[in-house]
Amino acid sequence: MLTKKLPRLHSFKALVSRRSSQRARQQYDVVVVGGGHAGTEAAAAAARVGAETLLVTQKIQTIGALSCNPSLGGVGKGQLVKEVDALDGLCGRAGDWAGIHFSILNRRKGPAVWGPRAQLDRSRYREFIQSELLSTPRLTVLEGSVEELLVEEPDPEEPGHHRVTGIRLANSSQKISASSLVLTTGTFLSGSLFVGQTSSPGGRIGDAPSSAGLSHTLRERLGLRVGRLRTGTPPRIVKESVDLSLAEVHLPDSNPAPFSFLNTRTRCKPEEQLPCHLTYTTPGVERVVKESFHLNCHIQQDTKGPRYCPSIESRVLRFPGRQHQVWLEPEGLTADLLYPQGLSMTMPPELQLRLIREIPALHRAEIHTPGYGVQYDFVCPTQLSPALQVKSTQGLFLAGQINGTTGYEEAAAQGLWAGVNAGRQALSMPPVALSRTESYIGVLIDDLVSRGVTEPYRMFTSRAEFRTSLRPDNADLRLTLKGFEEVGCVSSRRYQEAVRVRDSLHKAMAALQALALSPSNWRKTLPDIRMSEAKGATLNGMEVLRYSDMSFEKLASCYPEILSPYMEFAQRLKIEAVYRPHCDLQKKEIERIQREENMSLPQDMDYFSLPASLSLEVREILDRVRPSTLGAASRLQGITPAAIVHLLNYVRQTSQKDKRAKRKQPHQKEQSEEEGSVRKASVTR
Ligand code: FAD
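Residues numbered from 1 in each chain as written. Predicted model: local features only at pLDDT ≥ 70, side-chain atom pairs only at ≥ 80, totals over all residues. Heavy atoms only, no water.

1. Quick look at the overall build of the protein
Heads up, the condition is: Each helix is a run of H or I in the DSSP string that is no shorter than four residues. Each strand is a run of E no shorter than two, and both are numbered from the N terminus. Put simply, the radius of gyration uses C-alpha atoms, and a globule should come to 2.2 Å times the residue count raised to 0.38. Only protein chains enter the calculation, and the probe is 1.4 Å; a residue is then buried if its accessible area is under 20% of its type maximum, exposed if over 50%, and partly exposed in between. In what follows, a contact means two residues having at least one pair of non-hydrogen atoms within 4.5 Å. Under the convention used here, a 1.4 Å probe and the Shrake-Rupley method define accessible areas, while residue burial counts only the protein chains that appear.
What the protein contains, in helices and strands, is 22 helices and 21 strands. In terms of overall dimensions, the protein is globule-like: its C-alpha atoms have a radius of gyration of 29 Å, near the 26 Å expected for 685 residues. If one aligns the C-alpha atoms of the protein with their principal axes, the spans along those axes are about 105 × 75 × 60 Å. Out of the 685 residues belonging to the protein, those deemed buried represent 55%. Contacts in the protein between residues at least 24 apart in sequence constitute 73% of all its contacts with a sequence separation of at least 6. Here the protein has roughly 30,200 Å² of accessible surface; of this, 51% comes from carbon and sulfur atoms.

Spelled out as structure tokens, the structure:
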């Protein structure tokens, strides 16, 4: 059993001195470029699988920086954080350390789509990530900017296929060789910052962009397809200048739920958490946006921005006349700035001030740092394998915003997986993949590598076909065991804890299933329970727990001798009971697909007559490729397991119809011959 205590951080001073004493060697198994959310997870994961790893980043002090909103998780994103944690990644524990306002979003819906989220203290988050990295065995951190990737020319027998061999640092002739490289340059690749009508090179405010040499290697030497995307951030507002009494107060959950499976509590005590506030835009905001349009070059460009985190300019232009939500969120426990979520903007600073003052709670607000936009290069992710390796370049892995995603959680999830695979490749181990049926990380990677992106990609629960199985509560059982037994990125301490949880849950469910009573006997023990009576039927404890007004605690109070050892799992057992029938059905469907792997698909099949529940994109792929078997179809890029279930059902149904029709045909023939002879006979007669 683990002692579930929050860790003590290494003293920052000690880290700084250790940092300066670190000397990079000339040769590593893995080099990770970039210390953002993807890079930190990648470096830690590569080191965890056993690779000697070097993380090179422009500024050590910005490792773990939250470029935009100081928050972690949310709907779909919270699932990613739980999965990264289940694979022993950093961001979940960092969130528990730095969170100052925890809440579960989507609580009115089922627990499968709950979104664990926390508002963070920026400096605490950075502090935790830096401390973790600088104390990770086999990991060295080096401050520097990578100017060039060293690439071996393609083998004449395999034209177009390159191999990366290392990096060269900017302003130096220093070269460092590596078997694998993970590139996680975020918004820095050919990055330009925009405010009003001015633009300047930059990856983030205060930080220079990635050097042109890096873009050149990717485009020209490796021949990769590179696109351009944009995003933006709101002005930061001086907290003292805001009248929070004119906004709605939103309190955090009174019992904050940690992200990490290793923690039973968060660092911030429930009573220490801070509230967030909600306010709305006014017609005045819309007026300022429209008046400033001609002075706002970022918004006028064709480059695609994040659809689900749009700027106030895009919101107003897309939905004129509407009131838009603005969340006023604390930047830290003692920070004197507020982050106005929903007010990302790129108009000139004086107009930004005019705009925010159109909102009653902000009528006297002062801006600390103006909002700005950033445009950057991304590499079209269809050029990657499911291990996140560039298909045409051995040893080169990409993760994070460079693959066209947006968000810390998406970056962290890809970083972890790219780091695992880069480490494994350097140690001559085969690549590993996560499927859509076992994780949101699998959904994210499959979406990227098989469909690509046309706008910044973010995670939603609706992207996961098997979301009732891929719940935040069971990420440890889905991934920690695999992470230890097959992947090698999970510590034995975490593994032992997951095994303990798995075994206890199995025992608890067996105890509940053994508790089988007739409805009338259940009513004797639990008089309040509303239960439909089926004569002669018995219900077991798992089935009773499924009732909405039933809790594990209630059951355990009636049968303490059997159930009290499992009180720590009360909520997980309730969720398991509710979803078990549905998940069992899904599991059967997946097994059915695996069994029917060799089922032939008719070559003349009209894919456009498949049910409309299949997307046009899926039908087009199937029509174009015309796979010969179901297995071949399931391996096509862009074909989801849900599409395969539809296809299987459709082919089964049509072949049954055909069989029935064939059985009917000879009979019809006989009948018509009979009818003919009768007719003939009658004519003769
Ligand atoms: P980053 O966190 O950007 O990290 C990249 C790292 O690479 C940096 O540490 C950088 O110093 C380093 N680096 C770059 N080039 C080199 C080099 N050549 N050598 C060495 N080191 C290098 N996300 C949302 O979900 N919603 C939003 O609205 C949103 N708005 C944003 C607005 C702005 C202005 C910015 C900058 C980001 C925004 N984000 C938003 C995105 C969020 O910050 C990113 O999705 C996330 O940080 C991506 O993580 P990453 O690891 O890919 O890159």
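2. Details of the sheet that holds strand E4 (residues 99-105)
Where we set the bar: Pairing between strands requires that DSSP locate at least two bridges from one strand to the other. The convention used is that axes are lines fitted to C-alpha atoms, helices contributing only their stretch in contact, and that angles between N-to-C directions extend from 0 to 180 degrees.
Taken in spatial order, the 3 strands line up as E3-E5-E4 in an open sheet, and their pairing is antiparallel. The sheet terminates laterally at strand E3 (71-73) and E4, the two strands that pair on one side only. Each neighbouring strand pair of the sheet contributes to a mean axis angle of 20 degrees, computed without reference to strand direction. As defined by bridge partners, E4 adjoins strand E5 (residues 115-120) across 6 bridges and the pair is classed as antiparallel. Note on E5: the bridge partner recorded for Phe 102 is Ala 118. Packed on one face of the sheet, helix H4 (residues 91-98) meets E3, E4 and E5 and runs near 115 degrees to E4.

3. Comments concerning the pairing of strand E19 (residues 372-379)
Summarising burial for E19: 8 of the 8 residues are buried, a large majority. The alternating pattern of E19 places Tyr 372, Val 374, Tyr 376 and Phe 378 and Gly 373, Gln 375, Asp 377 and Val 379 on opposite faces, both of which are buried. Taken together, the 3 bridges between strand E10 (residues 192-195) and E19 define a ladder with antiparallel strand orientation. Within E19, the position partnered with Phe 194 by the bridge is Gly 373. With 8 bridges connecting them, strand E12 (residues 226-233) and E19 associate as antiparallel partners. Residue pairing for E19: Val 226 is matched across the bridge by Val 379.

4. Overview of the site of the ligand
Our working rule: The rule for a residue being near a molecule or strand is that one of its heavy atoms must lie within 4 Å of it. Polar contact is defined as a pair of N or O atoms within 3.5 Å, subject to the rule that within protein one atom must be able to donate a hydrogen and the other to accept it, and that residues adjacent in sequence are counted only when both atoms are side-chain atoms. Each residue is assigned to one class: nonpolar for Ala, Val, Leu, Ile, Met, Phe, Trp, Tyr, Cys and Pro, charged for Asp, Glu, Lys and Arg, and polar for all the others, Gly among them.
Within the structure, the ligand sits among 35 residues, and Ala 38, Gln 58, Ser 210, Gln 401 and Gly 407 are positioned closest to it. Within the contact set of the ligand, an oxygen atom lies 2.8 Å away from a backbone nitrogen or oxygen of Ala 38. Measuring from an oxygen atom of the ligand, one finds a backbone N or O atom of Gly 407 at 2.7 Å. Contributions of two or more residues to the shell around the ligand are made by helix H2 (37-48), strand E2 (53-57), E12, E19 and helix H11 (408-426). Among the elements that make up the shell around the ligand, the one with the highest residue count is E12 (3 residues). Its residues assigned to classes, the shell around the ligand comprises 12 nonpolar, 22 polar and 1 charged.

5. Considerations on the sheet that holds E12
Spatial strand order, E11-E10-E19-E12: 4 strands in an open sheet with antiparallel pairing. This sheet does not close on itself; its edge strands, each paired only once, are strand E11 (198-201) and E12. Averaged over all pairs of adjacent strands, the angle between strand axes in this sheet comes to 25 degrees, irrespective of strand direction.

6. Re the environment of Leu 338
The residue Leu 338 is located in strand E17 (residues 337-341) in this model. Residue classification places Leu 338 among the buried positions, given a relative accessible area of 3%. Between the C-alpha atoms of Leu 338 and His 368, which are 30 residues apart in sequence, the distance is 9.5 Å.

7. Points about the packing of aromatic side chains
For clarity, the cut-off: Centres within 6.5 Å make a pair out of two Phe, Tyr or Trp rings, where for Trp the six-membered ring is used; the pair is then stacked when the planes are under 30 degrees apart, edge-to-face when over 60, and tilted otherwise. Only Lys NZ and Arg CZ are tested; either one counts as a charge over a ring when it is within 6 Å of the ring centre and within 35 degrees of the ring normal.
In the structure shown here, the tally under the stated rule is 4 aromatic pairs. When the ring of Trp 97 is compared with that of Phe 128, the centres are 6.1 Å apart and the planes differ by 45 degrees; the resulting orientation is tilted. Of this pair, Trp 97 sits in helix H4 while Phe 128 sits in helix H5 (residues 122-134); the two residues are 31 residues apart in sequence, bridging distant segments of the chain. Accessibility assignment for this pair places Trp 97 and Phe 128 in one class, buried. Above the face of the Phe 261 ring, Lys 82 is positioned so that its terminal group lies 4.5 Å from the ring centre. Directly above the ring of Trp 114 sits Arg 107, whose terminal nitrogen or CZ lies 5.1 Å from the centroid.

8. A word on the layout of surface pockets
Worth spelling out the cut-off: Computed over the protein atoms alone on a 1 Å grid, cavities are sets of points where a 1.4 Å probe fits but cannot get out and pockets are open sets with protein on both sides within 12 Å along at least five of seven lines; a residue lines them when it has an atom within 4 Å of a point. Grid points are joined across faces, edges and corners, and a volume is the space filled by probe spheres set on the points. An automatic or database domain assignment is the source of the domain bounds shown.
In this structure, the second largest pocket encloses a volume near 980 Å³. Taken together, 38 residues line the second largest pocket, and the ones lying closest to its centre are Lys 82, Ala 257, Pro 258, Asn 263 and Gln 571. Within the residue set of the lining of the second largest pocket, elements represented by two or more residues are helix H13 (475-487), helix H14 (492-514) and helix H19 (570-595). A class-by-class count of the residues in the lining of the second largest pocket yields 18 nonpolar, 8 polar and 12 charged. Mapped onto the domain boundaries, the lining of the second largest pocket takes at least three residues apiece from domain 1 (25-192 + 207-483) and domain 2 (506-593).

9. Quick look at H5
Because each turn of an α-helix spans 3.6 residues, side chains separated by three or four positions in sequence point in the same direction. Spelled out, the test is: One less than the residue count of a helix, multiplied by 1.5 Å, gives the span that helix is expected to have.
Taking 1.5 Å as the rise per residue, H5 with 13 residues should run 18 Å; its terminal C-alpha atoms sit 18 Å apart, in good agreement. Among all positions of H5, only Arg 122, Arg 124, Tyr 125, Phe 128, Ile 129, Gln 130, Ser 131, Glu 132, Leu 133 and Leu 134 are buried.

It is worth stressing that arrangement in space is one thing and function is another; only the former is reported here.
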